[in-house]
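Architecture and fold: a report
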Amino acid sequence: MRSSGFGRRFVALLRKETRQLVRDRSNLAVGLLLPVLLILLFGYGLSFDVTNAPVAIVLEDRSPQARDVLAGLEGSPYIAPVWTTDMPDAVRRMRSGEVRGVIRIPVDFSEQLARGQAKVQLLVNGVETNTAATIESYVSGAVNVWAGRQADRVGDESPGAGSVVVISRMWFNEASSSTWYLVPGLIALVLTLIGAFLTSLLIAREWERGTLESMFVTPVRPLEMVLAKLAPYLVIGIIDLIVCLLAARFIFHVPIRGSLGAIALASVLYLIVSLSLGLFISGATRNQFQASQVALLASFMPALMLSGFIFDLRNMPVVIRVVSQLLPATHFMPLIKTLFLTGNNWPMLAREGSILALYGVVLIAASRRSLRKRLV
Amino acid sequence: MLDFMAPVVFLCRKELLMLVKEPASRALIFLPALLQSLLFGYGATYDLTNAPYAVLDQSGGAASTRLLSKLTGTGVFHRVATLRSTTEIANVIDRGQALLVLSFPADFESRLASGQAAPLQMILDGRNSTTAGAAAGQIGAVVAAYNQERNGVPPITIERRAWYNPNLESRWNMLPALIAALSMLQTLLLAALSVAREREQGTFDQLLVTPLTPMQILIGKALPSILVGLLQSTTIFLIIRFWFQIPLNGSVWLLYLGLLSFTTAAVGIGLSISALSVSMQQAMLYTFLLIMPLMLLSGLMSPVSNMPRVLQIATYANPLRFGMDLVRRVYLEGAGLHEVGFDFVPMLCIAAVTLPLAAWLFRNRLA
């Protein structure tokens, strides 16, 4: 009769947890609203593609040649040139943050150019490194284009003569768009957050209100309570997952090259890990005040910074890489990106999937321990 | 004045005691800022430090060897595989073993020697297009240096100097921003939980029937959170200054004046959430819901100027955007009050709206 006892108790608990979830509208609303908000904000708000960076151009040399060299900068989507005549003005604009860089054509530019040793000075505001690098590569590109045209004009051999030309192709992300790698990572982020904020107060709340003590006198087993607490939130998480997948496919047009089955399997596994991590935090702190702080600190920032979502793990020092391997998110992040952009990679799915499963089992066992029928 | 302040001081003391009385709570105030600034300080970098690559050299000549040795000389690129045929390319990229593959065609050497352009094929793993782009940029620079070595200096050279961050290290951009961002996370949550906890436990009603005015309750609730926020900012600041040794160019006073206005605005938002919530669960949910847009629309990860117009306008309601801008500019650029003066306006406006709103809600939202 043991199994039917389990079934009856489980269903009763499940009904209670579901009611509690549905009754607090804010819970449900945030659970369903957050992924939509995150997807839209990340998808549109986070972009590494520099547009219209204001750059002051100081033409100290008024010759038409000097003007011609920089003509290529006009009409570019990356740089918005601001023409000015003297350096102090440009420096003032740079200090006030009005421009991100200054291009200076010195007074002897055309003279030096005739001798083949002209210099262009470029000052960039180094605070935003990405913008600075874009400006630099764009300016040198424009100058090179000019040099090529100049060589054609004087009938010289082409500037590519006897030199190496790099032809690059980017695999899996042909358009080199940051959205393509951000959106799959976003799914990992959404699932991390859902877990952290939906379940992290569940056990702590019951400890604070003393309702757990009344559960101790019932025949309910700790594992049944853990599973009943996970199940309704798993449903919300799966709805969120579907929303994310639809948005990735139809709003951001990210290719889904792996099979949906593999993506679903990996995501649900990770969802379970993330929900049980929330429960574990809840059971370990037994205090809503601490639980919510730990959940916030352990979920959002680490998943954002250390999981390989934006910052490449390969660039981090070894110690930090070891720490990042402890996060479940670090195992899900490359998996979901690969499943989206590369296709099914079974060895990887097996390896990361079993690590996630292990995390799930350990965390559920740990949450169960925290519900042992013993008073503290 | 004394009559007004004395109860406020008592309330502050009680709030602070609640924060530090338990070892676990105490640890939660100091440890996270310390750990996170160290972890993210090392971890959150866009700079390429380790780029594994594979080579498919079908030319087998001296030119490709010379070029590859220049690449190794950067210390960033490490050869992890030497391929024999084009069919092997997919495998090393798919498995993530190599970030890029360089493929020298069979006629590479002969084309170079005969004065023709010699194409070098580069295949990049675009699963992280930022890293791939950085690697492509560095390879381009190495190839340009190699070409210069062969063909002499081009007619125009560009002399680049970067202000405020001479080596263009992305850590310099990220870390000062964390002074504002990391402390906001917890300050906002602490403020949001402060009233909600009392509501849930029923002690807030007791507080309301005391002679304290809503304004006094507000100050008593706000000050401890502001204090915690400034303490965390200070921890992060010290780590950045002395552990990571990023030079401070501006005035410490201006930095703290900015942090004070920023933290006050964050606490104002937190207390408004708190006054609206009936339980800690709700306070936490609303905080989570709000923290995401605040972090994303702040310029922490990518500059605000890259965002679409509508979102750029939305950032004016975000104290973090201006707090972070102020900290970065005072810290790195050494900006003075007249240069960052505008940053104070949105932050103070937000504080001026949210703090009275919270005080009003204390009385007017009884669950």
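Residues numbered from 1 in each chain as written. Chains lettered and ligands numbered in written order. Predicted model: local features only at pLDDT ≥ 70, side-chain atom pairs only at ≥ 80, totals over all residues.

1. A short note on the interface of chain A and chain B
If you look at the interface, chain A gives 94 residues, while chain B gives 94 residues. Per element, the largest residue contribution to the side of chain A that touches chain B is 11 residues, and it comes from helix α6 (residues 129–153) of chain A. Its residues assigned to classes, the side of chain A that touches chain B comprises 49 nonpolar, 34 polar and 11 charged. When strand β5 (residues 164–171) of chain A meets strand β4 (residues 118–125) of chain B, the two strands line up parallel, connected through 8 bridges. (Contact = placed C-beta atoms within 7 Å. Helix = DSSP H or I, 4+ residues; strand = E, 2+ residues; numbered from the N terminus. Nonpolar A, V, L, I, M, F, W, Y, C, P; charged D, E, K, R; others polar. Pairing = 2+ DSSP bridges.)

2. What about helix α2 (residues 25–45) of chain A?
Residue and element names in this part refer to chain A. Taking 1.5 Å of rise per residue, the 21 residues of α2 would be expected to cover 30 Å, and the 28 Å separating its terminal C-alpha atoms lies within 8% of that figure. Considering bend angle alone, the principal kink of α2 is centred on L33 and spans about 30°; proline P35 follows within four residues of it. Taken residue by residue, α2 has N27, V30, G31, L34, P35, L38, I39, F42 and G45 as its buried positions. (Expected span 1.5 Å × (residues − 1). Bend = angle between axes of the 7 residues up to and from the residue. Buried ≥ 20, exposed ≤ 12 C-beta atoms within 10 Å, placed from the backbone.)

3. Some words on the environment of B:V8
Residues and elements named next belong to chain B. Within the fold, V8 resides in helix α1 (residues 2–20). Between the C-alpha atoms of V8 and Q206, which are 198 residues apart in sequence, the distance is 16 Å. Setting aside residues no more than four positions away along its own chain, V8 makes contact with Q216, I219 and G220.

4. What about the sheet that holds β4(B)?
Within the open sheet, the 5 strands sit side by side as β5(A)-β4(B)-β3(B)-β1(B)-β2(B). Their pairing is mixed. The open sheet terminates on both sides in strands that have one partner only, identified here as β5 of chain A together with β2 (77–83) of chain B. The sheet shows a mean angle of 25° between the axes of neighbouring strands, direction not considered. (Axes fitted to C-alpha atoms, helices over the stretch in contact; angles between N-to-C directions.)

5. A closer look at the environment of B:V101
Residues and elements named next belong to chain B. When you line up the elements, V101 lands in strand β3 (residues 100–104). Separated by 22 residues in the primary sequence, V101 and I123 have C-alpha atoms spaced 5.1 Å apart. In contact with V101, other than residues within four places in its own chain, are Y53, A54, L56, I89, V92, I93 and I123.

6. Things to note about the nonpolar core
By size, the foremost hydrophobic cluster in this structure holds 190 residues, and its most contacted members are A:L186, A:A188, B:L100, B:V101 and B:A181. In terms of residue count, helix α7 (residues 170–201) of chain B provides more of this core than any other element does, 19 residues in total. Those residues in contact with B:A181 that lie beyond four places of it in its chain are B:M295, B:S298, B:L300, B:L320 and B:M324. The next biggest cluster of nonpolar side chains, apart from the first, holds 31 residues, and it includes A:I57, A:V58, A:L123 and B:L168. (Core = buried A, V, L, I, M, F, W, Y, C linked by C-beta atoms within 7 Å.)

7. A short note on unusual backbone geometry
Non-glycine residue A:R286 carries a positive phi angle of around 55°. As for its position among the elements, A:R286 is in the loop between α11 (260–285) and α12 (288–305). One non-glycine residue, B:Y164, adopts positive backbone phi at about 70°. You can see B:Y164 is positioned in the loop between β5 (156–163) and α7.

8. Quick word on helix α10 (residues 222–250) of chain A
With 29 residues, α10(A) extends 42 Å between its outermost C-alpha atoms, agreeing within 8% with the 42 Å of an ideal straight helix rising 1.5 Å per residue. Where α10(A) bends most, the angle comes to about 25°, and this point is A:A231, followed within four residues by the proline A:P232.

9. Thoughts on the domain arrangement of chain A
Interface extent is often summarised as the accessible area lost during association of the parts. According to the domain assignment, chain A consists of domain 1 (2–46 + 177–370) and domain 2 (53–153). One C-alpha centre belongs to domain 1 of chain A, the other to domain 2 of chain A, and the line joining them spans 49 Å. (Domains from an automatic or database assignment.)

10. Notes on the packing of helix α7 (residues 178–199) of chain A against α12(A)
All names here are of chain A. Two elements in contact, α7 and α12, have axes whose closest approach is 9 Å; the angle formed by their N-to-C orientations is 175°. Of the possible angle classes, the one that applies to α7 and α12 is roughly antiparallel. Across the interface between the two elements, A188, L189, T192, L193, A196 and F197 from α7 touch A295, S299, F300, A303 and L304 from α12. Residue composition of the contact of α7 with α12, grouped by class: 9 nonpolar, 2 polar and no charged. (Parallel < 35°, antiparallel > 145°, perpendicular 65-115°, else oblique.)

11. Observations concerning the sheet that holds strand β1 (residues 53–59) of chain A
What holds strands together in a sheet is hydrogen bonding between their backbones, with the strands either parallel or antiparallel. Strand order across the open sheet formed by 5 strands is β2(A)-β1(A)-β3(A)-β4(A)-β5(B), with mixed pairing between neighbours. On the outer flanks of this sheet lie β2 (79–84) of chain A together with β5 of chain B, each paired with one strand and no other. Adjacent strand axes in the sheet meet at a mean angle of 20° when their direction is disregarded. In this sheet, β2(A) lies alongside β1(A) in parallel orientation, the contact comprising 6 bridges.

12. Quick notes on the confidence of the model for chain A
For chain A, the average pLDDT comes to 84, and 93% of its residues sit at 70 or higher. When the elements of chain A are averaged for pLDDT, β5(A) gives the smallest value, 74, and α11(A) the largest, 93. (pLDDT = per-residue confidence, 0-100.)

13. Considering the packing of α11(A) against α12(A)
The description of two helices packed together rests on the angle between their axes and the distance between the axes. All names here are of chain A. Put simply, α11 and α12 touch, their axes get as near as 9 Å, and they point 145° apart. Seen from above, α11 lies across α12 with right-handed handedness. Along the contact surface, α11 presents G278, I281, S282 and T285, while α12 presents Q290, A291, V294, A295 and A298. Each residue belonging to the contact of α11 with α12 can be placed in one class, and the counts come to 5 nonpolar, 4 polar and no charged. (Left-handed = near helix turned anticlockwise from the far one by under 90°.)

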